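# Structural description and commentary
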Amino acid sequence: MSDLPTSAAPAQNSPVSAQAPSAVSFPVADRYAGVTTTAVRDLLDVLSQGNIISFAGGAPAAEFFAADDIRASFDWVFANRPAKALQYSSTPGEPELREQAARRVSRSIPTTADQIQVTTGSQEAIYLVGNAMINPGDVVLVERPTYLAAVQAFASSGARMIGIPSDDDGARPDALEDLIREHNPKFVYLIPTFQNPSGVCMQAGRRKEIAEVLLRTGTPLVEDDPYGELRFSGEFIPQISALPGMAHQSLLLNSISKVMAPGIRVGWIRGEGPIMNTISIAKEAIGLHSSVVDQLAVARYLEAYDVDAHIRTVVEVYKQRRDGMRRELLEMVPEGATVTSPDGGMFLWAALGNGIDTTALLPIAVQEGVAFVPGESFFAHDPDRSTMRLSYVTNPPEVISEGLHRLGRALERWHG
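Please read these numbers as outputs of a predicted model, since none were measured by experiment. (Residues numbered from 1 in each chain as written. Predicted model: local features only at pLDDT ≥ 70, side-chain atom pairs only at ≥ 80, totals over all residues. Heavy atoms only, no water.)

### What about the overall build of the chain?
Looking only at helices and strands, the chain features 14 helices and 15 strands. Relative to its full complement of 416 residues, the chain shows a buried share of 51%. Long-range contacts, defined as pairs at least 24 residues apart, comprise 74% of the intrachain contacts of the chain with a sequence gap of at least 6. Accessible surface, the chain: about 19200 Å² in total, of which carbon and sulfur atoms supply 52%. (Helix = DSSP H or I, 4+ residues; strand = E, 2+ residues; numbered from the N terminus. Buried < 20%, exposed > 50% of the residue type's maximum accessible area, 1.4 Å probe, protein only. Contact = heavy atoms within 4.5 Å. Areas by Shrake-Rupley, 256 points an atom, 1.4 Å probe, with all protein chains shown as cover.)

### Some thoughts on unusual backbone geometry
That bond from R144 to P145 is cis: its omega, 0°, falls within 30 degrees of zero. Considering the arrangement of structural elements, one finds P145 in the loop between β3 (139-143) and α7 (148-156). With a phi close to 55°, F194 is a non-glycine residue in the positive phi region. Structurally, F194 can be placed in the loop between β7 (187-190) and α9 (204-217).

### Some points on the sheet that holds strand β11 (residues 338-339)
Spatially, the four strands line up as an open sheet ordered β11-β12-β15-β14, and their pairing is antiparallel. Because the sheet does not close on itself, it has two edges, and the strands there are β11 and β14 (373-374). Examined bridge by bridge, strand β12 (residues 347-351) and strand β15 (residues 387-391) share five bridges and lie antiparallel to one another. Bridge pairing in β15 links W349 to R389. (Pairing = 2+ DSSP bridges.)

### Observations regarding the packing of helix α5 (residues 95-105) against helix α11 (residues 292-304)
Here α5 crosses α11 at 45°, and the two axes come no closer than 8 Å. In terms of orientation, α5 and α11 fall into the oblique class. Crossing hand, α5 versus α11: left-handed. Of α11, the residues touching α5 (which contributes E96, L97, Q100 and R104) are Q295, L296, V298, A299, L302 and E303. Per-class residue counts for the contact of α5 with α11 are five nonpolar, two polar and three charged. (Axes fitted to C-alpha atoms, helices over the stretch in contact; angles between N-to-C directions. Parallel < 35°, antiparallel > 145°, perpendicular 65-115°, else oblique. Left-handed = near helix turned anticlockwise from the far one by under 90°. Nonpolar A, V, L, I, M, F, W, Y, C, P; charged D, E, K, R; others polar.)

### A closer look at the sheet that holds strand β8 (residues 221-224)
Each strand in a sheet pairs with another by means of backbone hydrogen bonds, the pair being arranged parallel or else antiparallel. Taken together, seven strands build an open sheet; the order of strands is β2-β10-β9-β8-β7-β3-β4 and the sheet is mixed. In the strand order of this sheet, the two ends are held by β2 (116-119) and β4 (160-164), each with one partner. Mean inter-strand twist for the sheet, computed between neighbouring axes without regard to direction, equals 20°. The pairing of β8 with strand β9 (residues 250-255) spans four bridges and is classified as parallel. Each residue of the ladder has a partner; that of D224, found in β9, is L253.

### Section: the environment of F236
Tracing the backbone shows F236 in the loop between β8 and β9. In sequence terms F236 and A204 are 32 residues apart; their C-alpha atoms lie 9.6 Å from each other. Excluding anything up to four places from it in sequence, F236 contacts S108 and R231.

### Examining α7
Counting buried residues in α7 gives seven out of nine residues, a clear majority hidden from the surface. Residue G158 follows α7 closely and has a positive phi angle near 95°.

### A look at the nonpolar core
If you look at the biggest cluster of nonpolar residues, it comprises 80 residues, and the most contacted ones within it are Y318, L329, L352 and L390. Residues in contact with L329, not counting those within four places in the same chain, are V339, L348, A350, L390, L404 and L407. Among the nonpolar cores identified, the runner-up in size contains 24 residues, and I126, L128, V129 and I191 belong to it. (Core = buried A, V, L, I, M, F, W, Y, C linked by side-chain atoms within 4.5 Å.)

Structure representation (structure tokens):
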């Protein structure tokens, strides 16, 4: 007979029955210690509330997604490449997509498919660059202001970010060179074309001056270009990466999110040399490879459909929405406030001045039923707390107008 007890119930004096096991305290890496939320998460929480008109996210107008063409692209993949679409793949990406990406990039920078690393959206590209290049304490130079999720991604790798003094044409070359000499940064991160959040498009002369500084100092450039094809007016300006001598010294980040659909998480990095292998190793560790189904469908979409015609359609819509938002916004902001007038992209940037703290203004605006992004999240340090970012692309004109009326009421309450 077994000596095991006939009942699984613990004895009355058993320590197990005296108290329930306490929860395990999992250790947290130093880079996340004390971080319980982020600006992006807080924003999504706000937008989950009902009856909020959002000027906050950079979400393309959903009613203009080329849904039929996208559906047909996925149907083609499952009709013609089902086994490949559902199987593991290589980390650099599907050859078909890398070839299509290289063709688009080659409009300004001669590029081959083996110079493309596919990523799960441009956000992963930013994270991978930081993961592959940054050691804790390394300096990264960024614009003032800059993309808030890039600040978050680089910070998670331990970067110390320093903002480059700017003017109406973007980062100042003289200030950039001084900071490079002082801090020896790992790289410079710039969004020269329709910058997020300001909407500023750096002109050709300034780009040339920036490139000369980078070449003279041997400093790598990470150029983020998700909005470059959303141009309303003026001529195409080549990326800094496209200027003579810069291709081998730059990583160019692109995304299909703004011209196809953000729910399809596909982007890529264009680069040269050993760093691309390091980035590929970093991606392999993080997620092995991006979704093969999505990669093949995007490749089919870029090959079989007139993407440029689709872009022309949405650009005209976005231009009208920019004009309407800017006109009404200027009528309601206090005297002395400034509002940018971008030639493309997705965002207006307002500096309200007059002692207004937009972080404190946001809860009042949410009570009125409208949301924006307070400007302080876009600064690596010393933020201008009177600034705010508003996206004009997501909502139709009548909704934009109503949202601005709500914002006006919030400003009245602030001043009242």
